[in-house]
Amino acid sequence: MITNDIAEFHAALPPMRAIVGLDLGTKTIGVAVSDSFRGVASPLETIKRKKFTLDAEQLIEILNKREVAGVILGLPLNMDGSEGPRSQATRAFARNLSKLWEGPISFWDERLSTVAAEKALLEADATRKRRAEVIDNIAASFILQGALDRMRNFE
């Protein structure tokens, strides 16, 4: 199931299982995971992109190992809210992933998530090299945390 409606996504989730957030880039995929109570998002890892089948294989391994209930994909909207080529690529990724994994998938507006992640890393005095290594999974945690905070209103 793929949905744009976060309430519908929330309703489809089994209780007491984590959610994964993804920040899809052209070169990497940032991965974050929630706790089983779905209160806090934590950065997990960054996958170096190769081709879809290899990327999906790594993702599904994470999803199965952690018994993940659902996936939130950051949707890269333009600043005016419209969808461009990157949004369409993200939706295509979701369609392809849904053919390989049965859980619910939804989208979350990722505008400025990387900016927020960069700011947090600068405030933490992370080196430039360290920021480059972790920026994508930190951005994924910002995306996931936004969705978790919104879903808290449905309980």
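Residues numbered from 1 in each chain as written. Predicted model: local features only at pLDDT ≥ 70, side-chain atom pairs only at ≥ 80, totals over all residues. Heavy atoms only, no water.

Moving on: helix H2 (residues 52–65). Helix length check: H2 (14 residues) gives 20 Å between terminal C-alpha atoms against 20 Å at 1.5 Å per residue, within 8%. Those residues of H2 not exposed but buried are Asp 55, Ala 56, Leu 59, Ile 60, Ile 62 and Leu 63. The buried residues of H2 occupy an angular sector of 160° when the element is viewed end-on, so they sit on one face. Residues Glu 57, Glu 61 and Lys 65 are exposed on H2 and point more than 90 degrees away from its buried face. Packing partners of the buried residues in H2 comprise strand S2 (19–24), strand S3 (28–34), strand S4 (41–48), strand S5 (70–75) and helix H3 (85–98). Just downstream of H2, Glu 67 is the residue with a positive phi angle, here 50°. (Helix = DSSP H or I, 4+ residues; strand = E, 2+ residues; numbered from the N terminus. Expected span 1.5 Å × (residues − 1). Buried < 20%, exposed > 50% of the residue type's maximum accessible area, 1.4 Å probe, protein only. Arc of directions from axis to C-beta. Contact = heavy atoms within 4.5 Å.)

Turning our eyes to something else, we now look at the pattern of salt bridges. In the structure shown here, the tally under the stated rule is 4 salt bridges. Of the charged contacts in the structure, one is a salt bridge between Glu 83 and Arg 91, with a shortest N-O distance of 2.7 Å. A relative accessible area of 36% means that Glu 83 is categorised as partly exposed. The shortest N-O distance in the salt bridge between Glu 110 and Arg 86 comes to 3.7 Å. A residue pair is termed long-range when its members are at least 10 positions apart, and Glu 110 in the loop between strand S6 (105–109) and helix H4 (113–123) and Arg 86 in helix H3 qualify at 24 residues. (Salt bridge = Lys/Arg side-chain N within 4 Å of Asp/Glu carboxyl O.)

Quick look at the side chain of Ser 34 now. For Ser 34, the position within the fold is in strand S3. With relative accessibility at 6%, the residue Ser 34 sits in the buried group. Residues in contact with Ser 34, not counting those within four places in the same chain, are Ala 18, Ile 19, Val 40, Ala 41, Leu 144 and Leu 148.

Now for the pairing of S2. The side chains of a regular strand alternate, residue by residue, between the two faces of the sheet. Of all 6 residues that make up S2, 6 are buried, and the element is covered over most of its length. The alternating pattern of S2 places Ile 19, Gly 21 and Asp 23 on one face and Val 20, Leu 22 and Leu 24 on the opposite face, and all of these are buried. With 4 bridges joining them, S2 and S5 adopt parallel strand pairing. Each bridged residue has a counterpart across the sheet, and for Leu 22 the counterpart in S5 is Leu 73. Sheet topology note: the S2/S3 ladder contains 5 bridges and is antiparallel. (Pairing = 2+ DSSP bridges.)

Now for the environment of Ile 105. Counting through the fold element by element, Ile 105 comes out in strand S6. Each C-alpha atom, one on Ile 105 and one on Val 20, is 9.7 Å from the other, the two residues being 85 residues apart in sequence. Apart from the residues lying within four places of it in its own chain, the contact partners of Ile 105 are Met 1, Ile 2, Thr 3, Phe 9, Val 71, Leu 73, Ala 94, Leu 97 and Ser 98.

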